[in-house]
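Next come the chains, spelled out residue by residue.
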Amino acid sequence: MVKKSLTEAFEVKPRNFSSIENVKDYEIFSDKNLLEELRIKIVQNLIEENIPDDKLLDDYINNEIDKTLVGYDLTSLERGHVFSLIQNEITGFGPITPLLEDESITEIMVNSPEEIYVEIDGKIVRDETVSFINDKHIVRTIQRIVQPLGRTIDAANPMVDARLRDGSRLNAIIPPLSLKGPVLTIRKFNKNLESIDDLLRNGTLTVNMARFLEASVEAKLNILISGGTGSGKTTLLNVLSSFLGYDERIITIEDAAELKLNQKHVISLETRVTNYEGEGEVTIRDLVRNSLRMRPDRIIVGEVRGKEAFDMMQAMNTGHEGSITTLHANTPVDAMNRLETMILMNEMEIPVSAVRGYIENAIDIVIQIDRLSDGKRKITSISEVVGIKNGDIEIKEIFSFKQKGLMDDGSVIGEFGLYKRKPNVYDKIIKKGFTNISDIFE
Ligand SMILES: Nc1ncnc2c1ncn2[C@@H]1O[C@H](COP(=O)(O)OP(=O)(O)OP(=O)(O)O)[C@@H](O)[C@H]1O
Ligand SMILES: [Mg+2]
């Protein structure tokens, strides 16, 4: 397990507790019931009380310890652990702090005080090392996390989406919307998945696929990334965005800004939900429309889900090249169908054949990314949209990943493949002067 400090991960102000920083192991308590007893006392105090400002914090913790530990005989190691427990409560991440610090954990799902799941190596497993005292404790922790970000959660705002400072994404939903109790989900930003080299290293794609995708982005093809929930669409979008030119004006449009672009000339737009009176909503569609008046070289849309599909296809059809976006679908064909449905549902006066023409003309490449049964992410297909055949959008695969079977331990056996034909988009890429991929299709 690689641990990084909370300070580094979340820009929490450093505190002078370094001597106990690594003491997170509950094992140091000979008597687990005692620890639990202390923990409940501490947390109940904290839930009821207001936390003092930073200056008083050290004194406050010391006081709290003295108050709580009256009549208990603890070793200094145990006392140190209680100290870090309180510290974790106050700095805002509570019991899940060690999970956030653990780089091998990519997702944290709190279903109830005692029921916490984490994703490790692409697999979802129950975590029994941490727990909350009660529902109130979960809500308090959520509040502590989202308050500094300008968000709030309560009966009037029972649902919150937020992005932590390190790029991790948080969603929380509490009663009455959640019947079971407060539910917290954190998708951690993975620093080890920022470049194409990272994806090559973990086998998400092959070198030739990477070279092809780089050339496709540089040559300004319009690219659609398709995949299921948590398959790695946003991560791939972020990685492909690193191929965008440093001299281009890039506009990104997202629900909750997740993309991290290194280019300087980037304008990031984020949607807004309605206020209490149900007013003031700004949708992806509004932002796409607005972005067209901002002289973009590239428009990057985090995810297409609805009405904006039409505006995007229109933009791509009218000379806004080099857009990249993602969409929720299970195959490239499914992705085309979804796009078509999104447009037809909202633009009822346009005939199906015209919609297909729009899509065919707009999209050059569809990348399918999947989370396999062993938890690994793979680009299972890179396809091109070649035309309309018998009234349907025709797509042809260029690269693929075919699953062959499973090993005894459940890991997937499979092979990447390349079709022995030059794709149609190849000419488009060559025309823009990117010849460096000619060897791939020989
Ligand atoms: N190529 C990859 N290899 C290994 N892990 C990955 C890869 N891509 C993404 N992940 C991990 O998978 C999780 C989901 O990634 P990501 O947010 O990119 O998925 P998504 O398809 O955009 O999800 P959603 O449908 O929720 O928007 C993250 O924890 C991320 O670190
Ligand atoms: Mg996503």
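The rules behind the values
Residues numbered from 1 in each chain as written. Chains lettered and ligands numbered in written order. Predicted model: local features only at pLDDT ≥ 70, side-chain atom pairs only at ≥ 80, totals over all residues. Heavy atoms only, no water. Helix = DSSP H or I, 4+ residues; strand = E, 2+ residues; numbered from the N terminus. Buried < 20%, exposed > 50% of the residue type's maximum accessible area, 1.4 Å probe, protein only. Contact = heavy atoms within 4.5 Å. Salt bridge = Lys/Arg side-chain N within 4 Å of Asp/Glu carboxyl O. Near = heavy atom within 4 Å. Polar contact = N/O pair within 3.5 Å; in protein donor to acceptor, adjacent residues only side chain to side chain. Areas by Shrake-Rupley, 256 points an atom, 1.4 Å probe, with all protein chains shown as cover. Nonpolar A, V, L, I, M, F, W, Y, C, P; charged D, E, K, R; others polar. Domains from an automatic or database assignment. Pairing = 2+ DSSP bridges. Axes fitted to C-alpha atoms, helices over the stretch in contact; angles between N-to-C directions. Parallel < 35°, antiparallel > 145°, perpendicular 65-115°, else oblique. Left-handed = near helix turned anticlockwise from the far one by under 90°. Arc of directions from axis to C-beta. pLDDT = per-residue confidence, 0-100. Core = buried A, V, L, I, M, F, W, Y, C linked by side-chain atoms within 4.5 Å.

Visitor: Even after reading the chapter, I still don't get the overall build of the protein, so can you show me in this structure?
Guide: Helix and strand counts for the protein come out as 14 helices and 15 strands. Per-residue burial over the protein gives 50% buried out of 442 residues. For the protein, the proportion of contacts with a sequence separation of at least 24, taken over those separated by at least 6, is 56%.

Visitor: Got a minute to help me understand the pattern of salt bridges in this structure?
Guide: For side chains of opposite charge, pairing can occur when their charged atoms come near one another. Scanning the model with the defined rule gives 21 salt bridges in all. Arg285 is the partner of Glu347 in a salt bridge, and the nearest nitrogen-oxygen pair spans 2.9 Å. Taken together, the residues Glu347 in the loop between helix H12 (332-346) and helix H13 (352-362) and Arg285 in helix H10 (residues 284-291) connect sequence positions 62 residues apart. Exposure remark for Glu347: the relative accessible area of 9% places this residue in the buried category. Taking relative accessible area as the criterion, Arg285 reaches 14% and is therefore assigned buried. Measuring nitrogen to oxygen at the nearest pair gives 3.6 Å for the salt bridge that ties Arg295 to Asp297.

Visitor: Which parts of the structure should I look at to understand the site of ligand 1?
Guide: Taken together, 17 residues surround ligand 1, and among them Arg187, Thr204, Lys233, Thr234 and Thr235 come closest. At 3.4 Å from an oxygen atom of ligand 1 is found a side-chain nitrogen or oxygen belonging to Arg169. Gly230 is positioned such that a nitrogen or oxygen atom in its backbone is 3.1 Å from an oxygen atom of ligand 1. Considering ligand 1 on its own, with 630 Å² of exposed area, one finds that the protein chains cover 90% of that surface. With 3 residues, the single largest contributor to the shell around ligand 1 is helix H9 (residues 233-241). When the residues that make up the shell around ligand 1 are grouped by side-chain class, the tally is 2 nonpolar, 11 polar and 4 charged. Each of domain 1 (6-187) and domain 2 (191-441) contributes no fewer than three residues to the shell around ligand 1.

Visitor: Just checking my understanding: could you explain the pairing of strand S13 (residues 377-389) for this structure?
Guide: Side chains on a regular strand alternate between the two faces of the sheet. Two strands pair when backbone bridges link them, and strand S12 (residues 365-371) and S13 are joined in this way by 7 bridges, in the antiparallel orientation. Residue pairing in the sheet places Arg371 in a bridge with Arg377 of S13. Connecting S12 to the next strand, S13, in antiparallel fashion are 5 residues, including Gly375 with a positive phi near 90°. Relative to strand S14 (residues 392-406), S13 runs antiparallel, the two sharing 8 bridges. Paired with Glu384 across the two strands is Lys396, which belongs to S14. The antiparallel pairing of S13 with S14 creates a hairpin that spans 2 residues between the two strands, and Asn390 there sits at a positive phi of about 50°.

Visitor: Looking at this structure, I do not really get the sheet that holds S13. What am I missing?
Guide: One key point about sheets: their strands pair by backbone hydrogen bonds, in either a parallel or an antiparallel sense. With respect to topology, 9 strands assemble into an open sheet ordered S9-S8-S10-S11-S7-S12-S13-S14-S15, the strand pairing being mixed. Edge positions in the sheet fall to strand S9 (266-270) and strand S15 (412-418), since each has one partner strand and no second. The mean inter-strand angle of the sheet, taken between neighbouring strand axes irrespective of direction, is 25°. Sheet strands touched by helix H8 (residues 207-218): strand S7 (223-227), strand S10 (298-301), strand S11 (324-328), S12, S13, S14 and S15. Its angle to S13, the strand with the most contacts, is close to 50°. Sitting on the sheet, H12 is in contact with S7, S11, S12, S13 and S14, with an inclination near 95° to S11.

Visitor: Any chance you could explain the sheet that holds strand S4 (residues 159-163) here in plain terms?
Guide: If you walk across this open sheet you meet the 6 strands as S3-S2-S1-S6-S5-S4, and the pairing is antiparallel. Only two strands of the sheet have a single partner each, and these edge strands are strand S3 (123-127) and S4. Ignoring which end each strand starts from, the neighbouring axes of this sheet average 15° apart.

Visitor: Just to check I follow, could you spell out the packing of H12 against H13 for this structure?
Guide: When two helices pack together, you describe them by how their axes are tilted relative to each other and by the distance separating the axes. Interhelical geometry of H12 versus H13 gives an angle of 125° and a closest axis separation of 10 Å. Taken together, the axes of H12 and H13 lie oblique to each other. For the pair H12 and H13, the sense of crossing is right-handed. Side by side, H12 and H13 meet where Met336, Leu339, Glu340, Ile343 and Leu344 of the first sit next to Val352, Val355, Arg356 and Ile359 of the second.

Visitor: It is not clear to me how the side chain of Glu340 should be interpreted in this structure. Could you clarify?
Guide: Looking at the element boundaries, Glu340 is found in helix H12. Here Glu340 falls in the buried class, since its relative accessible area comes to 10%. Among residues more than four places away in sequence, those in contact with Glu340 are Val352, Val355, Arg356 and Ile359.

Visitor: Can you walk me through H10 in this structure?
Guide: Spacing of three or four residues puts side chains on the same side of an α-helix, whose turn is 3.6 residues. Ile284, Arg285, Leu287, Val288 and Ser291 are the residues of H10 that are buried. Each buried residue of H10 sits inside an arc of 165° when the element is viewed along its axis, so together they form one side.

Visitor: Just to check I follow, could you spell out the confidence of the model for the protein for this structure?
Guide: Detailed reading of predicted coordinates is not advised where the pLDDT is low. Residue-level pLDDT values for the protein average 85, and 89% of them are 70 or greater. Note that residues 1-26 has pLDDT below 50 and, in this model, 58 contacts with residues that lie over four places away or in other chains.

Visitor: Any chance you could explain the nonpolar core here in plain terms?
Guide: Note that soluble globular proteins tend to have their nonpolar side chains buried in a common cluster. Within the largest apolar cluster, 37 residues are counted, with the highest numbers of intra-cluster contacts made by Phe212, Ile223, Ile225, Leu240, Ile367, Ile379 and Ile382. Contributing elements (two or more residues each) for this core: helix H7 (196-201), H8, S7, H9, S12, S13, S14 and helix H14 (425-431). The dominant element in this core, judged by the number of residues it contributes, is H8, at 6 residues. Once you skip the residues sitting within four places of it in the chain, Ile379 turns out to touch Thr204, Leu205, Met209, Leu213, Leu236, Ile367, Gln368, Ile369, Phe401 and Phe416. Ile251, Leu269, Phe310 and Met342 belong to the second-largest nonpolar core, a separate cluster that totals 31 residues.

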